[in-house]
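Read off the chains here:
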Amino acid sequence: MGNSLKAIVAFVPSEECQKYLLEDLEEMPVDKMVDLSGRQLRRLPLHVCSFRELVKLYLSDNNLNHLPPELEQLQNLQILALDFNNFKALPLVVCTLKQLCILYLGNNKLCSLPLELRLLQNLKTLWIESNCLQCLPEVVCELSLLKTLHAGSNALRTLPTQLRCLQELRTIWLSGNLLSEFPPVLLDMPFLEVIDVDCNSIRFFPSLAHLPGLKLVIYDHNPCRNAPKVAKGVRRVGRWSEESPEPRKRSGAVVEITFDERPSPPPATKPEPE
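Here goes a summary of the coordinates provided. Model, not experiment: these values are computed from the prediction.

1. A word on the side chain of R239
Next, step 1: In this structure, R239 sits in the loop between β10 (235–237) and β11 (248–250).
Next, step 2: Taking the relative accessible area as the measure of exposure, R239 reaches 12% and is therefore buried.

Structural data, given as structure tokens:
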């Protein structure tokens, strides 16, 4: 089915047209996964909500801005992908899916997250990159099992101190925000393994050598005049990292040595729950 035809059919709310968008999806898939990405959907076909044993539901790259209350029937759902849609607010029905381990919300128009998100206590991976967040919602700090947080390409200037409560957090991606200083709360999180603050406005980096779990720090594309000090074996990606020396001081002036290594982006493939 061509994309132009899908787009036309998506405007028609009849059950026949919605089944046309679902193509041959009549019964519960054997692998308990439904992928409706890129179908030009403007509403979720209710037929999907009848698959009560569904574990993975991918709705990426559509035109969704709401979800039906019937979604609550999918109580076995572990992965839900809502990225690349038109959500201005997270539908509260998502917060009823208490088995969710991975939630993709990137590339929407979210300015906040509801307090009900705290109900997702099994959540381990949260993608909220490329939204309209000016601060990291404090409710994120109540997701006690969270291991990976992707919050890049927003408008974050600070991080809440409550973030230190996430003792399972291992990876945090903050590239492309408005951080003017290295977030102090990260200095109190010795369990972190990956810190990405690429493409911010950080001018000075404190020492990270005291973080025993750290394996990788990405700090490139900041107007900094020093590289963060790290423990032996920790990889740094940025100016004056392993591949080039730090600037030398001459009569109080700093002689800059430019270095422009593009950091590896977050994994393109969506991970499976552990």
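Okay, back to it.
2. A word on the sheet that holds strand β4 (residues 102–104)
Next, step 1: Judged by pairing direction, the sheet is parallel, and its 10 strands sit side by side in the order β1-β2-β3-β4-β5-β6-β7-β8-β9-β10 without closing on themselves. Of all the strands in the sheet, just β1 (33–35) and β10 have a single pairing partner and so form its edges. The sheet shows a mean angle of 5° between the axes of neighbouring strands, taken without regard to direction.
Next, step 2: Strand direction decides the pairing type here: strand β2 (residues 56–58) and strand β3 (residues 79–81), joined by 3 bridges, are parallel. Its bridge partner lying in β3, K56 is registered against I79.

3. Some thoughts on unusual backbone geometry
Next, step 1: Residue Q40 is not a glycine yet carries a positive backbone phi of 65°.
Next, step 2: Of note, Q40 is situated in the loop between β1 and β2.
Next, step 3: With a relative accessible area of 23%, Q40 lands in the partly exposed category.
Next, step 4: Residues other than glycine seldom take positive phi values, yet H221 does so here, at roughly 60°.
Next, step 5: By relative accessible area, H221 is classed as partly exposed at 27%.

Rules of the game
- Residues numbered from 1 in each chain as written.
- Predicted model: local features only at pLDDT ≥ 70, side-chain atom pairs only at ≥ 80, totals over all residues.
- Heavy atoms only, no water.
- Helix = DSSP H or I, 4+ residues; strand = E, 2+ residues; numbered from the N terminus.
- Buried < 20%, exposed > 50% of the residue type's maximum accessible area, 1.4 Å probe, protein only.
- Pairing = 2+ DSSP bridges.
- Axes fitted to C-alpha atoms, helices over the stretch in contact; angles between N-to-C directions.

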